[in-house]
Structure formats: structure tokens, C-alpha cells
Amino acid sequence: MAYDPLRVFRKLARNNRLANFRLHQACLQLPQEAFIARRVSFFATIRATLNHIHTVDRFYIDALQGGTLGFAAFAVVEPFATMAALHDAQTELDEVLIAFVDGLDEGDLAASVNIHRGARIQQDRCDDVLSHLFQHQTHHRGQVHAMLSDTAVKPPQLDEFIVGDDAQARKVEMDALGWAEPDLMFPARRSVQ
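Residues numbered from 1 in each chain as written. Predicted model: local features only at pLDDT ≥ 70, side-chain atom pairs only at ≥ 80, totals over all residues. Heavy atoms only, no water.

Draft legend 1. Spatial organisation of the overall build of the protein. Counting its regular elements, the protein contains 8 helices and 2 strands. Its helices and strands in sequence order give the protein the pattern α-α-α-α-α-β-β-α-α-α, from N to C terminus. Considered along the principal axes of its C-alpha atoms, the protein spans approximately 55 × 50 × 20 Å. When each of the 193 residues of the protein is scored for burial, the buried share is 48%. Across the protein, the fraction of contacts at a sequence separation of at least 24, relative to all contacts at a separation of at least 6, is 71%. A total of about 9,900 Å² of accessible surface is found on the protein, and carbon and sulfur atoms cover 54% of it. (Helix = DSSP H or I, 4+ residues; strand = E, 2+ residues; numbered from the N terminus. Buried < 20%, exposed > 50% of the residue type's maximum accessible area, 1.4 Å probe, protein only. Contact = heavy atoms within 4.5 Å. Areas by Shrake-Rupley, 256 points an atom, 1.4 Å probe, with all protein chains shown as cover.)

Shown next as C-alpha cells:
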């Protein structure tokens, strides 16, 4: 099988969806008091951290799609008061990101992305922006995972979504999302025209 440079980004977009789904299923079990309780972390609460993930995702996904939202994405620090509302909004963004990545071709990976940062426009390659976004998501999900350790809800395993050998460990999430293993192992393979 020929090497597909887009495969890794398609898998990472799906990994993001699966990891958020699993983490959110745990967080949805929290009472509101635990969701907003102050904890030791970069952001002071689980709610603040998950809202930050959503806000930054919105900022970068807009830029990747050619938008000019920029810092307006940060106008409301915590746009979602409840885990249920946050889960719905994050799910929508995760699906937008998957569709965006699935629509890319090799040339798009090297294309310049304009990121509106107030008085300046940052320009970086699409593949670099995507890599940055996936790293950011992973970093802050890890913080939520650590904060969950201080609650009655067991933190979920978050590293079972990339290799084929972990198929059984992700079966519940794959079934819940209506995905099959080929959807993850060979995501959105495009025919050559």
C-alpha cells in the first residue's frame, strides 16, 4: 500500500473525537459542583479547561477554513456553563475538524493558513497548524484527566485510539459513534482521479 501523508492527520482528527467522547462521558457523570470545583491545574476547574479546549479549537478551525474570527473566539471565557452544553458544542467542532481534514489533499497540507491575531496575521503551514491543534488538545485533555483523579469519577484511559492492537479497548466508543475499525485504520481514503 502506498504511503498517504494525509492518513496521520485523518487518524489524529478521529483520535481527537474519540478521546473527547471518552473524556466527556466521564465528565458528564460529575455533579455540577464537581465540574466547577477549583482544582490545581493550569485552568482552575474542569469546566474552564474544557471550555478552553473548545474555544481554541474554534479559533484554529475557523482559521484553517479561511475564516477571520480571530480573537473574537475568546470574547467569552467560559461560553458553556454545563458539561452537557459543552459536550454538544465540542462534538460539533470535532465533526467539523474531521470533515475539514478529510477534504484535504496533499497540496493543502503545505498551504498557508492565515491566523488572525488582532493587529497581525500569523501565517503558518496547514500541517503545522493541525499538528499544533492536536498537541494543544492532547495537553489540556491530560489536565482534565488529572483533575478527574480528584473526583469520584474514575479518569478514563485516553491513549487507545491509534494502533490496531487497541481495537478491543475502543470498541464501546467506536460502537457509540457508529464507526468501524476500517474507518479509523484507513480513514477517508480517497480514490486517485
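Anyway, onward from the coordinates.
Draft legend 2. Summary view of the packing of aromatic side chains. What the rule picks out here adds up to 5 aromatic pairs. Judged by centre distance (6.0 Å) and plane angle (15°), the rings of Phe59 and Phe71 are stacked. Residue Phe59 is located in helix H3 (residues 46–64), and its partner Phe71 is located in the loop between H3 and helix H4 (83–102); the two are separated by 12 residues in the primary sequence. Take Phe59: its relative accessible area is 3%, and that puts it in the buried class. The interplanar angle of 55° and the centroid separation of 5.3 Å between the aromatic rings of Phe59 and Phe74 together place this pair among those described as tilted. (Phe/Tyr/Trp six-rings, centres within 6.5 Å; stacked < 30°, edge-to-face > 60°.)

Draft legend 3. Inspection of the pattern of salt bridges at higher detail. One pass over the structure, following the stated rule, counts 11 salt bridges. For Glu173, the salt bridge is made with Arg22, and the minimal N-O distance between the two is 2.8 Å. One end of the pair, Glu173, is in helix H7 (residues 171–177); the other, Arg22, is in helix H1 (residues 7–27), and 151 residues separate them in sequence. Just as Glu173 is buried, Arg22 falls in that class too. (Salt bridge = Lys/Arg side-chain N within 4 Å of Asp/Glu carboxyl O.)

Draft legend 4. Fine view of the side chain of Arg170. By secondary structure assignment, the location of Arg170 is in the loop between helix H6 (126–148) and H7. You can call Arg170 buried: its relative accessible area is 0%. At 3.0 Å, the side chain of Arg170 forms a polar contact with the backbone oxygen of Val163. (Polar contact = N/O pair within 3.5 Å; in protein donor to acceptor, adjacent residues only side chain to side chain.)

Draft legend 5. Seen up close, H3. With 19 residues, H3 extends 27 Å from end C-alpha to end C-alpha; this agrees with the ideal 27 Å at 1.5 Å per step. Taken across its 19 residues, H3 has 17 buried, putting it largely inside the fold. The distance from a side-chain oxygen at the start of H3 to the backbone nitrogen of Arg47 is 3.4 Å, and the residue carrying that oxygen is Thr45. Remark: Gly66 follows H3 within two positions and exhibits a positive phi of approximately 90°. (Expected span 1.5 Å × (residues − 1).)

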